[in-house]
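# Coordinate analysis (summary)
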Amino acid sequence: MTIDAHILRALRAADAPAVSGAELSRQLGISRAAIWARIEELRSLGYEIEASPHQGYRLRTMPDVLHADDLLSLVAPRQVVGRDIRVFEKTGSTNDVVDKLARDGVPEGVVVFAETQTRGRGRLGRSWCSPARRGLWFSVLLRPNLRPESATQLTVAAATAVARALRGFARVDPQIKWPNDILIQGRKAAGILTDLSAELDHIKHVVLGIGINVNLGATDLPPELRRVATSLRLATGRSHRRADLAAGVLRELDADYARIRQQRFPDIAAEWAAQCSTLGQTVRIDIGGRRVHGRAESLDDTGALLLRTTHGHLERIMGGDVILES
Ligand code: BTN
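A few points on the structure. Not measured: the values here are computed from a predicted model.

The rules we used
Residues numbered from 1 in each chain as written. Predicted model: local features only at pLDDT ≥ 70, side-chain atom pairs only at ≥ 80, totals over all residues. Heavy atoms only, no water. Helix = DSSP H or I, 4+ residues; strand = E, 2+ residues; numbered from the N terminus. Expected span 1.5 Å × (residues − 1). Buried < 20%, exposed > 50% of the residue type's maximum accessible area, 1.4 Å probe, protein only. Arc of directions from axis to C-beta. Contact = heavy atoms within 4.5 Å. Pairing = 2+ DSSP bridges. Axes fitted to C-alpha atoms, helices over the stretch in contact; angles between N-to-C directions.

### Quick notes on helix 8 (residues 242-261)
Count 3.6 residues to each turn of an α-helix, and residues three or four apart come out pointing the same way. The terminal C-alpha atoms of helix 8 lie 28 Å apart, and with 20 residues this matches the ideal 28 Å at 1.5 Å per residue to within 8%. For helix 8, a buried count of 15 out of 20 residues is recorded, marking the element as mostly surrounded by other parts of the structure. Of the residues one or two after helix 8, glutamine 263 is the one with positive phi, at around 55°.

What follows is the structure in structure tokens.
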């Protein structure tokens, strides 16, 4: 953990409203003057830190900016996801940044956030609207020991982790629309884009791109999306501190990735199914140029959707655009 992450973690600890410079200097093994210099740097980033000669440092308010050290301190302890966190002010697409890191040999678990994306990508070649400081736009690098056909497990795990984090953080009741849209009050609030790099029989790496509409107002959404999309703020009527939600999602994703490594995907699938608004529905699915109709019955053990077609066959669907017909 970096020095700033350690300082923020100590200041935030509930049982320590103020922390003395001497205590921080002892814990970190650096001089009190060096602690003071780091505090000044954090203040310049917008952290309001009070200093009293008798009690020490007290964290009064935190800015709604994404700061890698702050996120590292909020996410710890974790096993894989979030052991390296990087924040950019602006990128093309965070999925592309992480894909480049993967090809450069960076270990799994790195997470890249951008305050805004100029070329945010959605599924099926769509673009993803990523206004500055209004949402969470980030990508996670994983190197799972899975066959390519099981990559859907990671998307299902990500959707489950995002839904669980949103429920715990903002007391909303998210639903999952297969394969990976997170809906709040029936409108899309988050989406997941999985980019896969694989050989015939094994995955080289996976980039999980997650976009969460946190504090967007109605006019931040493109007009054509206003009837079908929402944000956490629009759904709850208040703004949310993005760093806390980001840390919650990374912790949940770390837990789900551990379950996948322990071959406990069926547990995730059961949780996913319990929140999935698609199962049991009559749907139309557009897969490239093909269209199938039927009833969404269940998920199989790779995360694919099992569709009972109108002709009575059970068809295994790996991806596509689902439209409810009833
Ligand atoms: C969808 O179509 O539902 C998937 C949207 C995924 C958006 C996220 S934002 C962070 C990451 N970078 C991208 O370019 N896309 C994903």
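### Description of helix 9 (residues 265-275)
Inspection of helix 9 places Phe265, Ile268, Ala269, Trp272 and Gln275 among the buried residues, and these make up the whole buried set. Buried positions in helix 9, seen along its axis, are confined to an arc of 125° and lie on one side of it. Exposed side chains of helix 9 directed beyond 90 degrees from the buried face belong to Pro266 and Ala274. Structurally, helix 9 contributes buried residues whose contacts are with helix 6 (152-170), strand 6 (175-177), helix 8 and strand 11 (290-299).

### Focus on the sheet that holds strand 13 (residues 314-317)
What links the strands of a sheet is backbone hydrogen bonding, and the strands pair in either a parallel or an antiparallel sense. The strand order 13-12-11-10-14 describes an open sheet built from 5 strands, whose pairing is antiparallel. In the strand order of this sheet, the two ends are held by strand 13 and strand 14 (321-324), each with one partner. Across the sheet, the axes of successive neighbouring strands diverge by a mean angle of 45°, strand direction being ignored. Here strand 10 (residues 282-287) runs beside strand 11; their pairing, made up of 6 bridges, is antiparallel. Residue threonine 282 lies in a different strand from strand 11, and its bridge partner there is arginine 295.

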